[in-house]
Amino acid sequence: MLAELSIKNFAIIEALTVSFEKGLTVLTGETGAGKSIIIDAVHLLVGGRGSSEFVRYGEKRAELEGLFLLDDDAHPVLERCQEFGIDTSDGMIVLRRDISAAGKSICRVNGKLVTIGILREIGQLMIDIHGQHDNQELMNEENHWKLLDQYGSSKINHALSSYREIYITYASLQKKIKQLSENEQEMAHRLDLIQFQLEEIEKADLKLKEDEQLMEEKNEISNFEKVYESLQNSYNSLHGEQRGLDYIGHSMSHLEEVSSINESLKEMSETVSNCYYMLEDLSFQIRSELDRLEFDPERLNEIEARLAEITHLKRKYGQSVEEILEYAAGIEEEIDTIQNRDSHLYKLKNELDSVTKDLVIEASNLTAVRRKSAAELIKNIQQELKELYMEKTKFEVMFGVRKGHPDSVQIDGVPAKFTENGVDETEFYLSTNPGEPLKPLSKIASGGELSRIMLAMKSIFSKHQGVTSIIFDEVDTGVSGRVAQAIAEKIYKVSVGSQVLCITHLPQVAAMADTHLFISKETVKGRTKTSVKPLLEEEKIKEVGRMIAGVEVTDLTKQHAKELLALAEAAKSF
């Protein structure tokens with residue numbers, strides 16, 4: 001849930017910090033007080049499109065910060081944060097976004113700098129914002145299959161996974177066949193190019209790790225004088241004029257003479273003896289290394305020439321010798337494929353035919369699972385619409401096959417186009433009046449009807465989306481009377497066990513609130529200032545009364561407000 005929101009220098013808001021609770025929180029106030037600006041701030045905080053226009057006039061940047069608390073240890077956002085290396089061990093996620101007056105954004109998640117894309121991915125997993133114009137998601141039929149898959153995810157995901165496993169092979173085979181069927185002249189040019197590349201790589205006769213070994217040898221030769229001098233001085237310190245080993249030998253002899261007196265002297269003697277023999281052995285190794293060293297300036301030239309050749313190949317074919325050899329193996333296989341194109345094409349087409357048969361079976365199974373989930377969705381939405389006084393409305397999910405090339409495999413008599421999500425086209429249809437035929441949702445619903453349909457769907461989909469918070473920005477526009485009461489109860493139903501923030505002008509919705517925040521603005525020193533105040537019981541009665549009557553709140557209006565609040569409490573208990 002969104003626990004706290006901090007806004008600074010955003011639009012008409014100078015500085016504002018708002019705490020939120022679980023359940024239903026409503027935000028009310030006069031038009032222009034800044035209610036939607038607060039929602040705009042949340043929208044930008046979770047990755048919405050920003051611009052310099054949001055920065056308060058005269059300021060350098062706007063600052064937005066939100067604290068989210070996660071009760072579910074298995075919430076999808078935790079896994080996503082882990083993928084991006086963001087620590088969430090304390091069950092809290094802090095989103096921050098700064099927007100400069102030049103329009104640039106700096107985004108952070110739990111203090112870690114992230115791109116706007118990552119901020120959006122994480123934010124949209126925690127909060128879902130619906131405004132007056134967000135019903136366009138329902139109007140676009142391209143989104144309908146996504147909503148259906150979201151609803152039936154527990155069953156559909158398994159069928160979709162089985163389908164995609166085969167689809168990957170299918171798409172790969174199609175790509176290979178297309179490449180082999182390209183223009184012969186282009187294919188001949190490609191063959192000439194990769195044959196030249198393979199010849200160049202083979203001529204170099206590369207060995208694995210060769211560049212690393214050459215660099216080590218080059219380093220040794222380049223530092224020959226320094227290495228030789230250090231080894232010689234080390235050897236002389238042990239066996240030369242300084243006679244280091246002789247002195248240690250004398251010490252060893254003297255200690256051996258008294259080692260039998262007590263245990264402590266014996267231990268000393270043994271330690272010195274061990275050191276002497278170790279140093280003696282090491283001095284022989286140093287001598288051998290000195291004898292092995294030989295300065296060869298010609299070898300250095302050979303190494304540098306070979307490294308230059310390898311570097312030239314790296315610029316063309318890979319970052320390492322291993323990558324170059326892998327590239328060579330790949331083009332060698334491609335050369336064989338092009339030279340024997342006809343036989344390879346025949347083999348690939350036979351393989352594609354076999355895979356396509358399996359894909360058709362999986363696609364049909366996916367469609368069947370979707371149709372079953374659609375039947376459940378229709379039943380549930382009809383019930384939700386009935387509760388919103390749209391009992392005569394008929395809702396249907398129409399299925400079709402995505403049309404492909406005329407020579408494609410036919411499903412239900414239609415040449416099918418296989419995509420990674422199957423072959424299904426789904427669209428929501430509606431009939432709002434008895435006797436009227438079902439028509440696409442986008443062509444039939446009025447503003448008020450669309451608000452109710454969206455709310456009915458949100459009541460169902462919110463259980464399957466996993467978001468921690470849902471925001472409704474004046475989705476109750478265009479309704480009144482008993483429909484307004486039904487919408488209020490429906491919004492409250494969505495908030496049970498979760499968090500819903502709702503901007504509203506309907507007293508029925510405000511009366512259902514668990515928390516009521518009043519947004520107001522005033523002019524201080526010639527600048528507009530927005531403030532947020534949680535309302536106590538008497539203040540809530542007055543505000544609901546204002547929403548009922550308008551400007552003047554009379555004793556009778558207050559009485560009506562009390563009655564509405566009492567009815568709301570009764571509705572909550574059911």
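1. Side note on the pattern of salt bridges
In step 1: On inspection of all chains with the given rule, the structure shows 27 salt bridges.
In step 2: Glu-83 is the partner of Arg-80 in a salt bridge, and the nearest nitrogen-oxygen pair spans 3.6 Å. Of this pair, Arg-80 and Glu-83 both sit in helix α2 (residues 76-83), 3 residues apart, which is roughly one turn of the helix.
In step 3: Looking at Arg-80, the relative accessible area reads 28%, which means it is partly exposed.
In step 4: Glu-83 gets classed as exposed once you look at its relative accessible area, which sits at 54%.
In step 5: The residue Lys-490 makes a salt bridge to Glu-384 at a minimum N-O spacing of 2.5 Å. On the criterion of sequence distance, the pair formed by Lys-490 in helix α16 (residues 481-495) and Glu-384 in helix α14 (residues 341-387) is long-range, its members being 106 residues apart. Judged on exposure class, the residue Lys-490 and its partner Glu-384 are both buried.
In step 6: Salt bridges sharing partners connect three or more residues here, namely Arg-61, Glu-63, Glu-65, Arg-96 and Asp-98.

2. Description of the sheet that holds strand β13 (residues 439-440)
In step 1: Pairing in this open sheet of 3 strands is antiparallel, and the strands run β9-β12-β13 from one edge to the other. Two strands lie at the open edges of the sheet, namely β9 (394-401) and β13, each paired on one side alone.
In step 2: Inspection of the sheet shows β9 paired to strand β12 (residues 424-431) by 8 bridges, in the antiparallel sense. Note that in β12 the partner of Glu-396 across the bridge is Tyr-429.

3. Points about the side chain of Glu-200
In step 1: Structurally, Glu-200 can be placed in helix α7 (residues 184-204).
In step 2: Polar side-chain contacts of Glu-200 include one of 2.6 Å to the side chain of Tyr-317.
In step 3: For Glu-200, the contacting residues outside a window of four places in its chain are His-312, Leu-313, Lys-316 and Tyr-317.

4. Regarding a negative patch on the surface
In step 1: On the surface, a cluster of negative charge is made up of Glu-199, Glu-202, Glu-332, Glu-333 and Asp-336.
In step 2: At the level of secondary structure, the elements contributing two or more residues to the negative patch comprise α7 and α13 (321-339).
In step 3: Inspection of the secondary structure assignment puts Glu-199 in helix α7.
In step 4: Residue classification places Glu-199 among the exposed residues on the basis of a relative accessible area of 55%.

5. What to know about the pairing of strand β16 (residues 515-524)
In step 1: Bridge analysis of strand β3 (residues 23-28) against β16 gives 4 bridges, and the strand direction is parallel. Paired with Thr-25 across the two strands is Thr-515, which belongs to β16.
In step 2: Bridge analysis of β16 against strand β17 (residues 527-534) gives 8 bridges, and the strand direction is antiparallel. Its bridge partner being in β17, Val-524 is matched across the sheet by Arg-527.
In step 3: Between β16 and the antiparallel strand that follows it, β17, lie 2 residues; Lys-525 among them carries a positive phi value of about 55 degrees.

6. Some words on unusual backbone geometry
In step 1: Phi at Asn-9 takes a positive value of approximately 55 degrees, unusual for a residue other than glycine.
In step 2: Counting through the fold element by element, Asn-9 comes out in strand β1 (residues 2-10).
In step 3: You will see that Lys-209, though not glycine, has its phi angle at about 65 degrees, which is positive.
In step 4: Relative to the assigned elements, Lys-209 resides in the loop between α7 and α8 (210-222).

7. A look at the packing of aromatic side chains
In step 1: Within the structure shown, the criterion is met by 7 aromatic pairs.
In step 2: Aromatic side chains Tyr-167 and Tyr-170 sit 6.1 Å apart centroid to centroid with 35 degrees between the ring planes, which places their arrangement in the tilted category. With Tyr-167 and Tyr-170 both in helix α6 (residues 153-180), this residue pair falls 3 residues apart, about one helical turn. Here the two residues Tyr-167 and Tyr-170 agree in accessibility, since each one is buried.
In step 3: Arranged with centres 5.4 Å apart and planes meeting at 20 degrees, the rings of Tyr-317 and Tyr-327 form a pair that is stacked.

8. Looking at the packing of helix α18 (residues 537-549) against helix α19 (residues 555-572)
For any two helices packed against each other, one specifies the crossing angle of their axes together with the interaxial distance.
In step 1: Contact geometry of α18 with α19 gives a least axis separation of 8 Å together with a crossing angle of 110 degrees. With respect to α19, the element α18 is oriented roughly perpendicular. Note on element contacts: α19 touches α18 through Thr-557, Lys-558, His-560, Ala-561, Lys-562, Leu-564 and Leu-565, opposite Glu-537, Lys-540, Ile-541, Val-544, Gly-545, Ile-548 and Ala-549.
In step 2: Grouping the amino acids of the contact of α18 with α19 by side-chain chemistry returns 7 nonpolar, 3 polar and 4 charged.

9. Some remarks on the nonpolar core
In step 1: Ranked by internal contacts, the top residues of the largest apolar core, which has 50 residues, are Leu-24, Leu-377, Phe-395, Val-397, Phe-428, Phe-472 and Ile-491.
In step 2: For this core, the element with the highest residue contribution is α16, accounting for 8 residues.
In step 3: Formed by 44 residues, the second largest nonpolar core is a distinct cluster that contains Leu-2, Val-18, Ile-99 and Leu-119.

What counts and how
- Residues numbered from 1 in each chain as written.
- Predicted model: local features only at pLDDT ≥ 70, side-chain atom pairs only at ≥ 80, totals over all residues.
- Heavy atoms only, no water.
- Salt bridge = Lys/Arg side-chain N within 4 Å of Asp/Glu carboxyl O.
- Helix = DSSP H or I, 4+ residues; strand = E, 2+ residues; numbered from the N terminus.
- Buried < 20%, exposed > 50% of the residue type's maximum accessible area, 1.4 Å probe, protein only.
- Pairing = 2+ DSSP bridges.
- Polar contact = N/O pair within 3.5 Å; in protein donor to acceptor, adjacent residues only side chain to side chain.
- Contact = heavy atoms within 4.5 Å.
- Patch = residues over 30% accessible without salt bridge, like charges linked within 9 Å, V, L, I, M, F, W, Y side chains within 5 Å.
- Areas by Shrake-Rupley, 256 points an atom, 1.4 Å probe, with all protein chains shown as cover.
- Lys, Arg positive; Asp, Glu negative; His and termini not counted.
- Charge placed at Lys NZ, Arg CZ, Asp CG, Glu CD.
- Phe/Tyr/Trp six-rings, centres within 6.5 Å; stacked < 30°, edge-to-face > 60°.
- Axes fitted to C-alpha atoms, helices over the stretch in contact; angles between N-to-C directions.
- Parallel < 35°, antiparallel > 145°, perpendicular 65-115°, else oblique.
- Nonpolar A, V, L, I, M, F, W, Y, C, P; charged D, E, K, R; others polar.
- Core = buried A, V, L, I, M, F, W, Y, C linked by side-chain atoms within 4.5 Å.

In short, the description is geometric, and any link to function would need to be established separately.
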